[in-house]
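# Understanding the architecture of this molecule
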Protein chains: 2
Amino acid sequence: MRILILGGDGYLGWPTAMHLTAAGHDVAVVDNYLRRRICTEENVEPLFIVPDLHERAKIWKADSGYGIQVFIGDLMDWEFVERVFKEFDPEAILHYAEQPAAPYSMLNRQAAMLTLENNLKVTANVIFAVREFCPKAQIVKIGTMGEYGTPNIDIEEGWLEVEHKGRQQKFLYPRQAGSLYHTTKIMDTDLLWFYVRMWNLKVTDLMQGPVYGLTTYENESKENLYPFFNYDELFGTVINRFVVQAVVGYPLTVYGKGGQTRGYLNIKDTLQCVRLSLENPAPEGELRIFNQFVETFTVNELAEKVQKVGNQLGLKVTIKKIENPRLEAEEHYYNPAHTGLMDMGLEPHLLTDEVLAQMLETVIQYRDNINEEAIFRGVKWD
Amino acid sequence: MRILILGGDGYLGWPTAMHLTAAGHDVAVVDNYLRRRICTEENVEPLFIVPDLHERAKIWKADSGYGIQVFIGDLMDWEFVERVFKEFDPEAILHYAEQPAAPYSMLNRQAAMLTLENNLKVTANVIFAVREFCPKAQIVKIGTMGEYGTPNIDIEEGWLEVEHKGRQQKFLYPRQAGSLYHTTKIMDTDLLWFYVRMWNLKVTDLMQGPVYGLTTYENESKENLYPFFNYDELFGTVINRFVVQAVVGYPLTVYGKGGQTRGYLNIKDTLQCVRLSLENPAPEGELRIFNQFVETFTVNELAEKVQKVGNQLGLKVTIKKIENPRLEAEEHYYNPAHTGLMDMGLEPHLLTDEVLAQMLETVIQYRDNINEEAIFRGVKWD
């Protein structure tokens with residue numbers, strides 16, 4: 001299958017590109033290095049230097065024999081979109097090309113507007129490009145479990161059957177997110193759902209939980225093929241942050257009561273999920289939604305796990321509850337369904353002590369790279 | 001109250017500006033004449049020439065003694081937003097500043113992108129400006145009944161109590177709209193709801209049905225104070241279009257089966273609704289939602305009403321069912337609540353034969369201005 005990966009430079013984009021070529025697909029990646037630029041501007045560099053896409057494609061080709069086509073440009077620019085779609089003629093589009101960080105989206109007005117504009121315009125351009133250049137191609141889009149927020153009822157997979165005054169209607173599951181970033185993902189879903197109904201698109205929208213890890217099937221002990229790994233408050237996901245904090249002796253930053261529960265997954269499972277979705281496309285005219293995570297934890301549970309395994313490795317890991325810079329429920333009901341991807345064949349990797357130990361050992365090799373000032377700055381939601 | 005009206009040049013913006021000054025408020029209007037530019041580009045001019053805002057403010061001042069401050073510029077441009085908010089220091093912002101036409105938003109990619117970008121960025125800038133320059137000011141925003149679409153259960157006013165597996169949660173009423181324009185209004189609601197929760201804004205979001213009419217309390221028989229009145233397929237609302245079609249002998253264009261039901265209101269009632277909302281602000285931290293219409297009709301009922309009254313006036317009115325260019329349910333359940341504005345004191349004007357006769361008689365005076373080619377071009381949704 002010819003798969004065009006938008007956002008191919010990102011934490012998930014590059015590992016996915018390798019994984020899909022290894023699975024026998026033709027892959028092209030697109031990126032404008034927005035994430036790199038923002039990380040440089042905000043002084044939150046990743047844990048290790050990541051070669052650019054042309055360089056990584058060369059390394060991967062030498063390593064595996066698989067080629068990856070690279071397009072560098074801005075997907076908000078229609079002329080660029082047109083060139084990419086015409087040249088590559090994709091059968092599937094995997095859309096990761098969004099500003100991916102909740103705290104960054106709450107930093108200030110400019111960051112909020114960048115997030116809103118980038119995420120919405122790129123999603124719209126993807127829809128228009130499919131309509132114009134490859135109407136039979138499927139779209140697989142990375143949404144977020146954060147679209148649902150933390151409602152007091154079970155979270156179903158994308159849809160909700162409502163009974164009201166004796167009548168029934170199936171709706172998109174009502175969404176209310178906890179950051180502007182997450183809200184743009186709700187808007188993406190609104191937009192995709194509208195055009196699926198109008199134009200019979202084939203769309204899979206993956207409501208993904210926070211991802212952790214840095215080694216995948218394809219990059220094990222190949223440092224120059226590791227993903228862009230942030231450990232800072234702005235771009236780092238919580239398990240990745242805690243692992244780095246444990247290594248550098250920074251007290252694990254638990255926000256507020258720490259009862260915030262989310263659904264987590266190993267980066268290897270992200271790769272499986274998107275591959276399974278691509279290889280089993282949504283039918284025409286369907287917005288197919290899966291909840292993409294494998295197990296739920298509270299922040300306290302994550303901190304305790306990292307502390308335990310860290311201490312076993314001889315680190316002195318402490319936990320510090322700090323005032324929550326976010327506006328969010330710190331204790332809440334959380335019971336999200338997640339059977340769709342399992343039914344398609346996902347074989348979950350769980351957050352075992354062994355997995356955490358491997359992550360810690362990998363990060364220990366880069367201890368000298370860690371910039372403690374990047375770890376926490378307290379971007380406030382209000 | 002110092003009220004800043006964004007989109008003050010539009011069909012509703014200008015009549016509202018006059019109405020609010022007559023009610024004793026200090027009013028400034030902002031517009032970039034986007035509607036005028038698009039109408040010129042698409043060759044769908046209004047029924048009569050409308051003086052620009054500076055000119056209309058002068059006419060209204062001479063007529064009534066009330067002044068209206070005029071700002072011309074683009075609310076997507078933050079520097080302009082900043083200047084307007086600092087100079088006028090509003091206590092309330094009435095936000096009409098959106099590309100308002102569903103068919104235009106479905107015309108082509110450029111029109112869709114203009115709608116998406118303009119509507120979202122202006123709404124975001126309004127939120128950021130209130131936060132930065134006047135955090136105590138209230139926002140009154142014009143949404144649309146079209147955000148709800150046509151679900152098979154009763155439409156409540158903005159919110160829905162859901163019971164699911166023995167647990168309960170109050171959600172924003174799930175929305176699924178029938179055009180990109182309407183979808184951008186859903187996104188506006190998503191955005192407002194998010195920042196209301198984060199920043200304790202005071203917001204009223206008015207889910208308005210299609211408006212009809214051209215005379216208001218303030219402009220009766222004052223032609224040069226009439227609103228921008230479109231009768232074309234792109235920008236004209238259905239009753240206004242039917243009235244013009246009846247006058248010029250063009251068969252009333254009923255799309256498909258004509259069972260499409262919507263909630264309608266007279267432009268005089270729009271003025272009452274926004275004034276009542278402004279004079280009774282939402283409390284801090286509340287997204288208050290009202291369904292803004294006074295009676296529901298099918299398209300067939302509207303066509304028959306216009307035909308009957310038109311024929312009584314000696315016009316030869318015919319009705320023609322044409323293939324529906326839109327993708328929409330042509331027969332459906334529709335039972336929307338609308339008590340909130342009535343409870344606040346709205347005194348509805350109904351669509352009586354007399355009201356229709358007055359509209360027809362007014363439009364007859366402009367019969368020579370009607371461009372039959374503008375009436376229908378069949379912008380297709382798919």
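Quick caveat: nothing in here was measured; it's all calculated off a predicted structure.

### Topic: the environment of Asn369 of chain A
All names here are of chain A. Within the secondary structure layout, Asn369 lies in the loop between helix H12 (353-364) and helix H13 (372-375). A C-alpha to C-alpha distance of 10.0 Å links Asn369 and Val248, two positions 121 residues apart in sequence. When neighbours within four sequence positions are excluded, Asn369 is seen to be in contact with Leu47, Phe48 and Tyr231. A polar side-chain atom of Asn369 sits 2.8 Å from the main-chain carbonyl oxygen of Leu47.

### Quick word on empty space enclosed by the protein
Taken as a whole and assessed by the stated rule, the structure comprises three cavities of 30 Å³ or more. Here the largest cavity is characterised by a volume of approximately 170 Å³. Around the largest cavity, the lining comprises 14 residues; the ones closest to its centre are Pro174 and Arg175 of chain A together with Pro174, Arg175 and Asp190 of chain B. Counting only elements with at least two residues in the lining of the largest cavity, the list comes to helix H7 (180-199) of chain A together with strand S7 (167-172) and helix H7 (180-199) of chain B. The class makeup of the residues in the lining of the largest cavity is nine nonpolar, one polar and four charged. Quantified by volume, the second largest cavity comes out at close to 70 Å³. What lines the second largest cavity is simply Leu116, Glu117, Leu120 and Lys121 of chain A together with Leu116, Glu117, Leu120 and Lys121 of chain B. For the lining of the second largest cavity, the secondary-structure elements that each account for two or more residues are helix H6 (109-133) of chain A together with helix H6 (109-133) of chain B. Classifying every residue of the lining of the second largest cavity by side-chain character gives four nonpolar, no polar and four charged.

### Quick word on H6 of chain A
Along an α-helix, a turn takes 3.6 residues, which lines up residues three or four apart on a common side. Residue and element names in this part refer to chain A. Counted at 1.5 Å a residue, the expected span for H6 with its 25 residues is 36 Å, and the 35 Å between its end C-alpha atoms agrees. Within H6, 20 of the 25 residues are buried, which leaves the element mostly enclosed by the surrounding structure. Structurally, the start of H6 carries an N-cap: the backbone nitrogen of Gln110 is 3.2 Å from a side-chain oxygen of Asn108.

### Notes on the pairing of strand S2 (residues 26-31) of chain B
Residue and element names in this part refer to chain B. When you tally the buried positions in S2, you get five out of six residues, the bulk of the element. The sheet contact formed by strand S1 (residues 2-6) and S2 spans five bridges and is parallel. Residue pairing in the sheet places Arg2 in a bridge with Asp26 of S2. Pairing geometry for S2 and strand S3 (residues 68-72), over five bridges, is parallel. Bridge assignment links Val29 to a residue of S3, and that residue is Val70.

### Some details on unusual backbone geometry
Residue and element names in this part refer to chain B. With a phi close to 60°, Tyr33 is a non-glycine residue in the positive phi region. Its location among the elements puts Tyr33 in the loop between S2 and helix H2 (34-41). Its identity as a non-glycine residue notwithstanding, Asn43 has a phi of 60°, on the positive side. Mapped onto the secondary structure, Asn43 falls in the loop between H2 and helix H3 (53-64). Look at Asn43 and you get partly exposed, because its relative accessible area is 45%.

Conventions we followed
Residues numbered from 1 in each chain as written. Chains lettered and ligands numbered in written order. Predicted model: local features only at pLDDT ≥ 70, side-chain atom pairs only at ≥ 80, totals over all residues. Heavy atoms only, no water. Helix = DSSP H or I, 4+ residues; strand = E, 2+ residues; numbered from the N terminus. Contact = heavy atoms within 4.5 Å. Polar contact = N/O pair within 3.5 Å; in protein donor to acceptor, adjacent residues only side chain to side chain. 1 Å grid on protein atoms, 1.4 Å probe; cavity = no way out; pocket = protein on both sides within 12 Å on 5 of 7 lines; lining within 4 Å. Points joined across faces, edges and corners; volume = space filled by probe spheres on them. Nonpolar A, V, L, I, M, F, W, Y, C, P; charged D, E, K, R; others polar. Expected span 1.5 Å × (residues − 1). Buried < 20%, exposed > 50% of the residue type's maximum accessible area, 1.4 Å probe, protein only. Pairing = 2+ DSSP bridges.

It is worth stressing that arrangement in space is one thing and function is another; only the former is reported here.
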